[in-house]
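These are the residues of each chain, in order.
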Amino acid sequence: MRDHFEIRDHDAAGRIGRLEVPRAGVTVETPALLPVVNPNVLTVEPRRLAEEFGAEMLITNSYIIRSTDRIRDRVLDQGLHDFLGFDGAIMTDSGSFQLAEYGDIDVTTEEIIEFQRQIGSDVATPVDVPTPPDVDRERAERELETTKQALADAEAAETGEMLVNAPVQGSTFPDLREEAGRGASATDLDVFPVGAMVPLLNSYRYAEVVEAVRAAKRGLDPDAPVHLFGAGHPMMLALAVAAGCDLFDSAAYALMARDGRYLTVAGTEHLEEMEYFPCSCPVCAEHTPAELRELDGSDGGGDADRTTEVLLAEHNLHVTFEELRRVKAAIRSGNLLQLVDRRARGHPAMLDGLRTLLDHADELEETDPVSKDAFFYTSHESARRPEVRRHHDRLSRLAVPDRLLLTESDAPSEHDYDAVWRVKPPFGPFPRALSETYPLTAEVPERVDGAAQVAAAEGVASLADANPEAELTLGHDDWVPRAVDAVPDRVETENLRHLGR
């Protein structure tokens, strides 16, 4: 039991939680974004990150600090919080990113953990090995063993109140990610980053990101706070939270601004190509794209002045934190998967990510609330949501009479059945007395698609399997052939459109 992390609300695998960071004396609400602060280049001052954008936690690189003579002694003398001018929680990276990028670093886990403790880090990181995607299994296994040793070294270190990360590696092998999660959970470390995600995120391989997260989650304890290393684009935050991530860090707000790129919840735009801003943050409300381009005396970001870059970074932060607040509101109201569905329409890779997430609907159902405000059927992916699976599973609990009519229409005025139940795609059959209970109050379009009909047919099949002696008749509203084919042969079917012809 990790008493420094408390889960308050759930929706799908997403949750709102409270992460206590004792060394900083603060409690951070999750999901939380940790802006990356480069100690050499402060694009947006850390004080402003807290005061203007609401950042409760940030991340910086202890390896860069240790390796840079002109700032190392200042940070050791002042402490990290005073040096950066930030009163919230500060996480520090260890140099693992540099190890992945350049192949070698001159520091051990024991040394860097002690340095992070000395400079006043609140959450430290060992020197793990971020194995990139698509390597051969032998390399992934070998490097995972190195990471396990790094976790053991971190566990043995003197850390006081400082929390310590336990990165979960394993490349693109789900079984290795799950194994790594179990190993990390067995330590007494505190926060669990899913590592080596940047190459997948940069190439929009969101389906594989979801697979890696879900595999890690299967190995981790349910109360383990999960950090998705390197993730901070607003487009994918809802998906990542729904998959089970609690913390995010990214330098995207600054790096993309430096390259003249403008973040939105639907993707990335190039400032030089924009005529209008689709945003009402302070930056976009006060400038047009043309005005923003001209602020530094060039037509898209010159060297003489960084005003355009800084303002673009500020917009990128505004839109990212706004999306994170939207995600929290969606968790609280129980419509997180609807938000993910909307975001998935913005990019094919996001749609792949949503579909992959729904492949794990049985896992999502374990933490998804039994009752919410509303279920909106907005795409054929909605037919695969955990609420539909839960309804099908619970059909076996219902008492079924000997002769039962299941119908999408009203109950006939005269009939010789023992009972008449409703059928509502995508859920399928249920007693009419349950019509006003969640999720059967779902808002479904009048033109129901084939996916909803197939899901309803699977509900009929679940009911038939649980009641092999009952005589069932289904009246359907002209279902597509694959839905009719999904109904067991022993269930008599009638197409309601053909009655009375």
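Going by the structure above, here's the rest.
Described in the following lines is the structure provided in the data block. (Residues numbered from 1 in each chain as written. Predicted model: local features only at pLDDT ≥ 70, side-chain atom pairs only at ≥ 80, totals over all residues. Heavy atoms only, no water.)

## Regarding the overall build of the protein chain
Counting secondary structure elements, the protein chain contains 21 helices and 18 strands. The C-alpha extent of the protein chain, read off along each of the three principal axes, is 90 × 55 × 40 Å. Looking at the protein chain as a whole, 56% of its 501 residues are labelled buried. Sequence-distant contacts, at least 24 apart, represent 66% of the contacts inside the protein chain between residues at least 6 apart. Here the protein chain has roughly 21,500 Å² of accessible surface; of this, 44% comes from carbon and sulfur atoms. Here the protein chain contributes 50 positive and 93 negative side-chain charges, whose respective centroids are spaced 2 Å apart. (Helix = DSSP H or I, 4+ residues; strand = E, 2+ residues; numbered from the N terminus. Buried < 20%, exposed > 50% of the residue type's maximum accessible area, 1.4 Å probe, protein only. Contact = heavy atoms within 4.5 Å. Areas by Shrake-Rupley, 256 points an atom, 1.4 Å probe, with all protein chains shown as cover. Lys, Arg positive; Asp, Glu negative; His and termini not counted. Charge placed at Lys NZ, Arg CZ, Asp CG, Glu CD.)

## Some remarks on helix 15 (residues 307-333)
One full turn of an α-helix is made of 3.6 residues, so residues set three or four places apart face in the same direction. Look at helix 15: 39 Å from first C-alpha to last across 27 residues, which is about the 39 Å you get at 1.5 Å a residue. Extensive coverage of helix 15 is indicated by the burial of 20 of its 27 residues. Within two residues after helix 15, Gly334 carries a phi angle of roughly 80°, on the positive side. (Expected span 1.5 Å × (residues − 1).)

## Observations regarding the packing of aromatic side chains
Here the structure, examined in full by the defined rule, presents 3 aromatic pairs. Ring geometry for Tyr204 versus Tyr206: centroids 5.7 Å apart, planes at 65°, classification edge-to-face. With a relative accessible area of 31%, Tyr204 lands in the partly exposed category. Among the residues examined, Tyr206 registers a relative accessible area of 3% and is labelled buried. With centroids separated by 5.2 Å and ring planes inclined at 70°, the aromatic side chains of Phe375 and Phe427 adopt a geometry described as edge-to-face. Within this pair, whereas Phe375 is found in the loop between helix 18 (361-365) and helix 19 (386-394), its partner Phe427 is found in the loop between strand 15 (419-424) and strand 16 (428-430), the two being separated by 52 residues in sequence. Neither Phe375 nor Phe427 differs from the other in exposure class; each is buried. Lying over the aromatic face of Phe375, Arg385 brings its terminal NZ or CZ to 4.0 Å of the ring centre. (Phe/Tyr/Trp six-rings, centres within 6.5 Å; stacked < 30°, edge-to-face > 60°. Lys NZ or Arg CZ within 6 Å of the ring centre and 35° of its normal.)

## Quick notes on the sheet that holds strand 4 (residues 32-35)
Strand order in the open sheet formed by 4 strands is 4-11-10-9, and the pairing between neighbours is parallel. Edge positions in the sheet fall to strand 4 and strand 9 (192-194), since each has one partner strand and no second. Between one strand and the next, the sheet's axes are offset by a mean angle of 25°, whatever the strand orientation. Judged from the 3 bridges that link them, strand 9 and strand 10 (residues 226-228) form a sheet pairing that is parallel. Bridge pairing in strand 10 links Val194 to Leu228. (Pairing = 2+ DSSP bridges. Axes fitted to C-alpha atoms, helices over the stretch in contact; angles between N-to-C directions.)

## Comments concerning the side chain of Arg293
Checked against the element boundaries, Arg293 lands in helix 14 (residues 289-294). Within the structure, Arg293 has its side chain in polar contact with the backbone oxygen of Met274 (distance 3.0 Å). (Polar contact = N/O pair within 3.5 Å; in protein donor to acceptor, adjacent residues only side chain to side chain.)

## Structural notes on the pairing of strand 5 (residues 57-61)
The element strand 5 is extensively covered by neighbouring structure, given that 5 of its 5 residues are classed as buried. By the alternation rule, side chains of strand 5 split into Met57, Ile59 and Asn61 and Leu58 and Thr60, which are all buried. Pairing between strand 5 and strand 6 (residues 89-93): 5 bridges, direction parallel. Looking across to strand 6, one finds that Leu58 is bridged to Ile90.

## Section: the nonpolar core
Counting 100 residues, the largest nonpolar core has Leu228, Met236, Phe248 and Leu336 as its most contacted members. Looking at this core element by element, the count peaks at 9 residues for helix 15. The residues contacting Phe248, other than those within four sequence positions of it, are Pro31, Ala32, Leu33, Leu34, His227, Leu228, Ala231, Leu237, Ala240 and Val241. Residues Leu404, Leu406, Ala464 and Val487 belong to the second largest nonpolar core, which totals 19 residues. (Core = buried A, V, L, I, M, F, W, Y, C linked by side-chain atoms within 4.5 Å.)

## Side note on the sheet that holds strand 3 (residues 26-30)
A sheet is described by the order of its strands in space; here 3 strands give the open sequence 1-2-3, paired in antiparallel fashion. Every interior strand has two partners, whereas the edge strands, strand 1 (5-11) and strand 3, have only one. On average, adjacent strands in this sheet sit at an angle of 15° to one another, irrespective of strand direction. Relative to strand 2 (residues 14-21), strand 1 runs antiparallel, the two sharing 6 bridges. Pairing of Glu6 across the sheet is with Arg18, part of strand 2.

## A short note on a negative patch on the surface
A contiguous patch of negative charge, built from Asp106, Glu110, Glu111 and Asp153, is present on the exposed surface. Note that Asp153 resides in helix 7 (residues 137-156). Residue Asp153 is classed as partly exposed on the basis of its relative accessible area of 33%. (Patch = residues over 30% accessible without salt bridge, like charges linked within 9 Å, V, L, I, M, F, W, Y side chains within 5 Å. Salt bridge = Lys/Arg side-chain N within 4 Å of Asp/Glu carboxyl O.)

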